[in-house]
Amino acid sequence: MSRIKILDKSLASKIAAGEVVERPESVLKELLENSIDAGATSISVTVAEGGKRLIRVVDNGSGIAREDAGLAFFRHATSKISTEEDLEKIMTMGFRGEALASISAVSRVTIRTRRPGEVEGTSVIVEGGGEPATTGDGCPEGTSVEVKDLFYNTPARLKFLRGAETEYGRILETFKKIALVNPDKRFRIVHGSGKALDAAPGTSRQRIADLFGSDIGKKLIEIETPDLKGLTGTHELSYPTAKYLNTYVNGRWVRDRAINRAILEGYGQLLAGGRYPFAVIDLRVAPDDVDVNIHPAKSEVRFRNPNYIFDLVRYAVRGALSRTTAPPQAAYPKAPAGPNHLQPYMALNEPASAYGVCGRQEEKAGLLFKEEDIIDVKNPEFLGLVIVGQLWGEFIVAHTPGGGGEAYLIDQHGAAERCAFEKLKKMYASGTVPSQALLLPERFETTPEEKEAVLGASQYLSAFGFEIMPFGHSTGSGGETFLIRTAPCLLSGRASAGLIKDLAQELSSFGGSSRVEERIDGALMRIACHSVIRGPRPLAKEEAAALLTDMARIDFSGHCPHGRPVVKRIPRGEIEAIFGR
Ligand SMILES: Nc1ncnc2c1ncn2[C@@H]1O[C@H](COP(=O)(O)OP(=O)(O)O)[C@@H](O)[C@H]1O
Ligand SMILES: [Mg+2]
């Protein structure tokens with residue numbers, strides 16, 4: 001006797017149902033999605049015994065025509081797609097035509113539905129996958145789907161369900177996930193004789209407040225980019241689990257670890273390790289850039305370009321967070337402690353920047369040399385100088401110790417630039433120019449020529465610590481928009497778009513006849529130049545000393561791209577001669 005049998009229809013449909021309907025919450029998800037697809041603006045849910053006895057969803061959507069009402073229960077019966085191409089551009093929640101078939105295979109379902117304008121509606125009853133029984137019904141416009149006695153005919157499944165409260169807890173979570181991303185529709189839910197949760201149409205913020213409480217509603221920051229819309233909690237809202245990360249793709253709630261990680265990275269160090277924020281993030285992705293058909297419950301998706309999506313989310317979150325009040329100081333790592341004379345000269349008196357900070361201490365300090373470099377003194381003369389003061393906020397006045405020797409005039413801006421250049425050059429040669437991710441990535445547009453130059457120089461730019469990403473066509477003709485994702489730490493967050501265009505010009509092969517090394521030196525000097533504060537600036541004695549300490553480590557005899565002198569030594573004799581002594 002043959003051992004292989006084709007399962008009868010009823011058994012096969014119960015097995016298939018298991019993929020879609022795992023527990024009451026999955027029923028609710030499918031029914032809510034159908035209501036949304038039907039264009040409903042008001043959706044009301046009634047639940048009894050955690051959904052095990054009853055889940056009823058009533059909507060005011062398009063309804064189902066009499067001739068379709070029975071069909072809706074057949075597997076692969078759907079009004080939402082008809083060709084293979086349609087699968088590439090799905091914008092509805094449903095499309096597999098499985099939900100009603102699956103649900104009705106394992107429960108008793110009654111649908112009552114009337115299309116707007118129709119005189120009489122229709123009611124269809126299906127029990128345990130049996131034949132649909134269709135009759136006329138004087139029901140209101142819209143659709144009511146009632147699911148009773150879930151898993152009554154699959155006792156093994158029934159056994160796995162938890163207590164009514166636990167199942168209702170899950171139902172409520174699903175309800176909130178869907179209600180969150182549809183704030184323009186009214187959502188209501190009631191469990192047994194409990195109090196109804198009723199959310200009126202309104203803004204996303206209002207919806208969050210209705211579902212999670214007004215306290216959360218007050219601690220949210222709006223995010224709106226062309227590809228993403230949502231709200232994200234301030235750092236004050238943090239939780240031990242990822243439960244409050246609500247992520248959607250084109251309005252469809254999805255679970256995606258990478259998106260969650262991108263959100264967390266967006267927060268950077270604003271959240272302590274192991275804590276998760278509150279977020280509602282709806283990604284707008286062209287339907288052919290995302291495959292929603294990889295999971296029967298449609299809760300997982302696959303992106304054509306996951307890295308791009310990752311960056312999109314990370315930057316949008318960062319951008320939103322950085323627009324609000326400055327983050328609490330304590331959340332950032334403290335500035336490196338050290339003896340006063342090792343304070344980074346360039347970074348003093350800088351306004352708190354809205355940009356990220358580098359993780360490692362020596363990176364953060366920018367110009368600051370590492371402790372071990374102190375031994376590596378090339379110009380000990382600068383270490384022993386007695387600092388007298390400053391002229392016009394621009395020149396340091398110093399002299400050698402003791403009675404004779406020389407007076408020193410130092411151009412503080414030129415010296416700082418030169419130190420930055422030498423340091424940068426050393427880092428570039430060793431292949432590690434420390435860079436930092438920008439909290440708010442800078443966006444810039446290019447002309448077609450600039451675009452070529454930027455792309456042509458991208459290899460050098462990345463070696464300098466600039467990570468740049470093409471971001472679509474520029475609004476002008478033929479150009480490109482770029483995003484600056486990281487910049488050298490040395491720039492401590494200064495705007496870099498102009499600098500990058502200049503660098504690209506400088507480096508692009510058709511830009512001049514000079515040798516590559518010279519062009520690189522020129523580019524490094526330009527970055528160094530950009531990194532220091534211009535114009536007169538009063539210096540504290542410690543700052544002046546710090547600059548001299550940096551200068552002590554630099555070989556000033558070498559070639560300087562700007563070719564300007566930085567130090568003027570005046571022998572005592574010359575000064576005496578002025579006065580005829
Ligand atoms: N609430 C509703 N309002 C209007 N039509 C509905 C509703 N629920 C289901 N339908 C109709 O029944 C069909 C089958 O539903 P379903 O089994 O969930 O499959 P899918 O949503 O994947 O199309 C839908 O395509 C739709 O035409
Ligand atoms: Mg459906």
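No experiment lies behind these values; they were computed from the predicted model shown.

Q: Kindly report on the pattern of salt bridges, identifying the contributing residues and their values.
A: Within the structure shown, the criterion is met by 29 salt bridges. Lys-451 is the partner of Glu-480 in a salt bridge, and the nearest nitrogen-oxygen pair spans 3.8 Å. Here Lys-451 lies in helix H13 (residues 448-456) and Glu-480 lies in strand E21 (residues 480-488), a separation of 29 residues in the sequence. The exposure classification of Glu-480 matches that of Lys-451, with both residues buried. The network of salt bridges with common partners includes Glu-265, Asp-311, Arg-314, Glu-467 and Arg-485.

Q: Any details on the confidence of the model for the protein? Residues and values, ideally.
A: Scored by pLDDT, the protein comes out at a mean of 81, with 86% of its residues at no less than 70. Within the model, pLDDT remains below 50 along residues 325-375, and this stretch shows 82 contacts once partners closer than five positions in the same chain are excluded.

Q: A description of the layout of surface pockets should follow, citing residues and the corresponding values.
A: Put simply, the second largest pocket is a space of about 710 Å³. As for the second largest pocket, its lining consists of 34 residues, and the residues nearest its centre are Asn-34, Ile-64, Ser-79, Lys-80 and Leu-100. Secondary-structure elements contributing two or more residues to the lining of the second largest pocket are helix H2 (24-37), strand E2 (54-59), helix H4 (99-105) and strand E6 (142-148). Per element, the largest residue contribution to the lining of the second largest pocket is six residues, and it comes from H2. Each residue belonging to the lining of the second largest pocket can be placed in one class, and the counts come to 15 nonpolar, nine polar and 10 charged.

Rules of the game
Going along each chain's sequence as written, the residues are numbered from 1 onward. As they are written, the chains are lettered A onward and the ligands numbered 1 onward, keeping that order. Residues qualify for local features only when their pLDDT is at least 70, as the model is predicted, and side-chain atom pairs are given and counted only at 80 or more; totals for whole chains, interfaces and linings, by contrast, use all residues. Excluding hydrogens and water, the side-chain values take into account all heavy atoms of the structure. By convention in these notes, a salt bridge is any Lys or Arg side-chain nitrogen within 4 Å of a carboxyl oxygen on Asp or Glu. Numbering of helices and strands runs from the N terminus, with a helix taken as a DSSP run of H or I at least four residues long and a strand as a DSSP run of E at least two residues long. Residue exposure (1.4 Å probe, protein chains only): buried if accessible area is under 20% of the type maximum, exposed if over 50%, otherwise partly exposed. Per-residue confidence from the predictor is reported as pLDDT, which spans 0 to 100. Any two residues having at least one pair of non-hydrogen atoms within 4.5 Å are treated as being in contact. Here a cavity denotes grid points, spaced 1 Å and computed from the protein atoms alone, that fit a 1.4 Å probe unable to get out, and a pocket denotes an open set having protein on both sides within 12 Å along at least 5 of 7 lines; residues with an atom within 4 Å of a point are the lining. Grid points are joined across faces, edges and corners, and a volume is the space filled by probe spheres set on the points. Any residue outside Ala, Val, Leu, Ile, Met, Phe, Trp, Tyr, Cys, Pro, Asp, Glu, Lys and Arg is labelled polar, Gly included; the first ten of those are nonpolar and the last four are charged.

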